[in-house]
Amino acid sequence: MAKYMFLVDLNYCISCRACEVACKTWNDVPVGRGVRWRQVVDEVLGEGDGIVKYSVSLACNHCNDAPCVKACPAGAMYRRTQDGIVLVDTSKCIGCRYCVAACPYGAPQYDPVTKKTSKCTMCVDRLSSGRLPACVETCPTGALQFGEAREIAPKGVRQILRFPDPWYADPSIRFIPKEG
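The notes below deal with the structure included here.

Considering the nonpolar core
- In terms of nonpolar packing, the biggest core is built from 46 residues, with Phe-6 and Leu-144 touching the most fellow members.
- Counting only elements with at least two residues in this core, the list comes to β1 (4–9), α1 (18–27), β2 (39–45), β3 (52–58), β5 (86–88), α5 (134–138), β8 (144–148) and β9 (173–176).
- Once you skip the residues sitting within four places of it in the chain, Leu-144 turns out to touch Phe-6, Leu-7, Val-8, Cys-19, Arg-38, Ser-57, Cys-135, Val-136 and Cys-139.

Considerations on the environment of Lys-119
- Checked against the element boundaries, Lys-119 lands in the loop between β7 (116–118) and α4 (124–127).
- Lys-119 gets classed as buried once you look at its relative accessible area, which sits at 2%.
- Separated by 12 residues in sequence, Lys-119 and Ala-107 have C-alpha atoms that sit 6.1 Å apart.
- Filtering out sequence-adjacent residues up to four positions away, Lys-119 remains in contact with Trp-37, Cys-60, His-62, Met-77, Val-86, Leu-87, Val-88, Ala-107 and Pro-108.
- Within the structure, the side chain of Lys-119 is placed 2.5 Å from the backbone oxygen of Val-86, a separation counted as a polar contact.

A word on α1
- What α1 keeps buried is the set Cys-19, Glu-20, Ala-22, Cys-23 and Asn-27. Looking straight down α1, one finds that the buried residues subtend no more than 165° of arc, so they occupy a single side. In α1, the exposed positions that point more than 90 degrees away from the buried face belong to Val-21 and Thr-25.
- Buried residues belonging to α1 abut β2, β3, α5 and β8.
- Backbone geometry just downstream of α1 places Asp-28 in the positive-phi region, at approximately 55°.

A word on the pairing of β3
- Pairing geometry for β2 and β3, over 7 bridges, is antiparallel. For Val-41, the partnering residue across the bridge sits in β3 and is Val-56.
- Between β2 and the antiparallel strand that follows it, β3, lie 6 residues; Gly-46 among them carries a positive phi value of about 95°.

Observations concerning the packing of aromatic side chains
- Summed over the entire model, instances satisfying the criterion amount to 5 aromatic pairs.
- Aromatic side chains Tyr-4 and Phe-146 sit 5.2 Å apart centroid to centroid with 25° between the ring planes, which places their arrangement in the stacked category. One end of the pair, Tyr-4, is in strand β1; the other, Phe-146, is in strand β8, with 142 residues separating them in the sequence.
- Judged by centre distance (4.8 Å) and plane angle (70°), the rings of Phe-163 and Phe-175 are edge-to-face. One end of the pair, Phe-163, is in the loop between α6 (149–152) and β9; the other, Phe-175, is in strand β9, with 12 residues separating them in the sequence.
- Assessed through its relative accessible area of 7%, Phe-163 is described here as buried.
- On the accessibility criterion, Phe-175 (0% relative accessible area) is buried.

Some thoughts on the pattern of salt bridges
- What the rule picks out here adds up to 13 salt bridges.
- Here the residues in one salt-bridge network are Arg-17, Glu-20, Arg-36, Asp-42 and Lys-53, joined through shared partners.

Let's talk about the sheet that holds β1
- Judged by pairing direction, the sheet is mixed, and its 3 strands sit side by side in the order β8-β1-β9 without closing on themselves. Each having just a single partner strand, β8 and β9 make up the two edges of the open sheet. In this sheet, adjacent strand axes meet at a mean angle of 25° when their direction is disregarded.
- Judged from the 5 bridges that link them, β1 and β8 form a sheet pairing that is antiparallel. When the sheet's bridge partners are listed, Tyr-4 is paired in β8 with Glu-148.

Cut-offs used in this document
Residues numbered from 1 in each chain as written. Predicted model: local features only at pLDDT ≥ 70, side-chain atom pairs only at ≥ 80, totals over all residues. Heavy atoms only, no water. Core = buried A, V, L, I, M, F, W, Y, C linked by side-chain atoms within 4.5 Å. Buried < 20%, exposed > 50% of the residue type's maximum accessible area, 1.4 Å probe, protein only. Helix = DSSP H or I, 4+ residues; strand = E, 2+ residues; numbered from the N terminus. Contact = heavy atoms within 4.5 Å. Polar contact = N/O pair within 3.5 Å; in protein donor to acceptor, adjacent residues only side chain to side chain. Arc of directions from axis to C-beta. Pairing = 2+ DSSP bridges. Phe/Tyr/Trp six-rings, centres within 6.5 Å; stacked < 30°, edge-to-face > 60°. Salt bridge = Lys/Arg side-chain N within 4 Å of Asp/Glu carboxyl O. Axes fitted to C-alpha atoms, helices over the stretch in contact; angles between N-to-C directions.

This is how it looks when you write it as structure tokens:
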């Protein structure tokens, strides 16, 4: 089976947050409890005439060396060997939040009501039926893309400004930097 990866083109993300809404809707992510599996981050860098603004859609990066998996004492966080997708078995989650502390990308989300952690599943249910993740399918500009790692990886760079160093976890995401 293929290993998957996200690609974010910073030239086309318009911060519409359709990806956030699609994720919450498809996955029944709780509203009003601070749980956000996918979120758009707006960045402004520079000063005066050198200001650059970009938006980037981020979620779990389904890391090849996932710190959340290593940090979980209950074995609730795991990485599927067949496709590299990192998932949470909520029946095993003890709510300790070690995964939250270990993830440099802020992907695991603690729900204060259920006292469990959850995160982006890369829409495994949709993938198994040949569909794209809900966030990707909904993106109106094509800024958020998805595919097999061997096809996506050469299209972008591993790191952008203010994104944690990828050496730590080897995330399954690439970026097309903002031009200009």
